[in-house]
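Residue-level listing of the chains:
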Amino acid sequence: MAVMKLYGSPLSSAVWRVLASLYEKGLDFEFIPPFGQVPAFVDGDLKLFESRAITQYISHEYADKGTPLVVPGKQMAIVSVWMEVEAHQYDPLAGKLAWELGYKPHFGMQPDNAVVEENEGKLGKVLDVYEARLSQSKYIGGDTFTLADLHHLPTLSFLMDTPAKKLIESRPKVSAWVADITSRPAWCKVVEFRKQH
């Protein structure tokens, strides 16, 4: 069987998302650091881009390996809703904060405090919804870890190393959820991968 290939930058949160799904599944792959549109993923004759599409493919195609990241029936509809919330409500705001509070200082640039304040307020409202949801289930999509949780890992992990962590730590259910999912062995491998590259 041909080895799967993941093309991308070790600095890309989208690459981290794909790495997390590969590690959760315990799959062998080759990482190739390129320039251009990333991440890109090759499995045999299949070529994909867009991290969330890649993680869904991995989860369905390799359903019998590692952590089950998708669930059957009606529960998957709920997981899908929360995957959409992550992609359209959470990630745009968290990504802006990661840029302002993480990347900019790393590159010697000053954060735009107005952008930080605006996006912290908006993300706080999203996290209030998460706090309510997580009072009903252990994970965002239900009682098991799924793609709905995994997709949050890159920006959650990044935000926990910035002053924006107060948004997470001030919400007990969200804080416990973040501690749980960021301590998963597969995510720890992504963190180690980032340190090595």
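The protein chain goes by glutathione transferase in an unreviewed UniProt entry, where it is assigned to Punica granatum. The UniProt entry for the protein chain carries this comment under Sequence similarities (unreviewed entry): "Belongs to the GST superfamily. Phi family." Word for word, the UniProt comment on the protein chain under Subcellular location (unreviewed entry) is "Cytoplasm, Cytosol".

Chemist: Give me the lowdown on the overall build of the protein chain, citing residues and values where you can.
Modeler: Each helix and strand counted, the protein chain has nine helices and four strands in total. Ordered by position from N to C terminus, the α and β elements of the protein chain give β-α-β-β-β-α-α-α-α-α-α-α-α. Here the C-alpha atoms of the protein chain give a radius of gyration of 17 Å, agreeing with the 16 Å that 2.2 N^0.38 yields for 197 residues. Each principal axis of the C-alpha atoms in the protein chain carries an extent, and together these give about 50 × 45 × 25 Å. Burial statistics for the protein chain: of 197 residues in total, 49% are counted as buried.

Chemist: Explain the pairing of strand 3 (residues 40-43) to me, and be specific about the residues and the numbers.
Modeler: With three bridges connecting them, strand 1 (residues 4-7) and strand 3 associate as antiparallel partners. Across the sheet, the residue bridging to lysine 5 is valine 42, located in strand 3. The pairing of strand 3 with strand 4 (residues 46-49) spans four bridges and is antiparallel. What sits directly across from valine 42, in strand 4, is lysine 47.

Chemist: Could you give me a rundown of the side chain of serine 137, with the residues and numbers involved?
Modeler: With respect to the secondary-structure elements, serine 137 resides in the loop between helix 4 (113-134) and helix 5 (147-150). Its relative accessible area of 8% is what places serine 137 among the buried residues. For serine 137, the side chain forms a polar contact with the main-chain oxygen of tyrosine 139, separated by 2.6 Å. Sequence-distant contacts of serine 137, defined by excluding residues within four places in its chain, comprise Gly142 and Asp143.

Cut-off values and rules
Residues numbered from 1 in each chain as written. Predicted model: local features only at pLDDT ≥ 70, side-chain atom pairs only at ≥ 80, totals over all residues. Heavy atoms only, no water. UniProt positions renumbered as here; feature names shortened; annotations may be inferred. Helix = DSSP H or I, 4+ residues; strand = E, 2+ residues; numbered from the N terminus. Rg over C-alpha atoms; globule rule 2.2 N^0.38 Å. Buried < 20%, exposed > 50% of the residue type's maximum accessible area, 1.4 Å probe, protein only. Pairing = 2+ DSSP bridges. Polar contact = N/O pair within 3.5 Å; in protein donor to acceptor, adjacent residues only side chain to side chain. Contact = heavy atoms within 4.5 Å.

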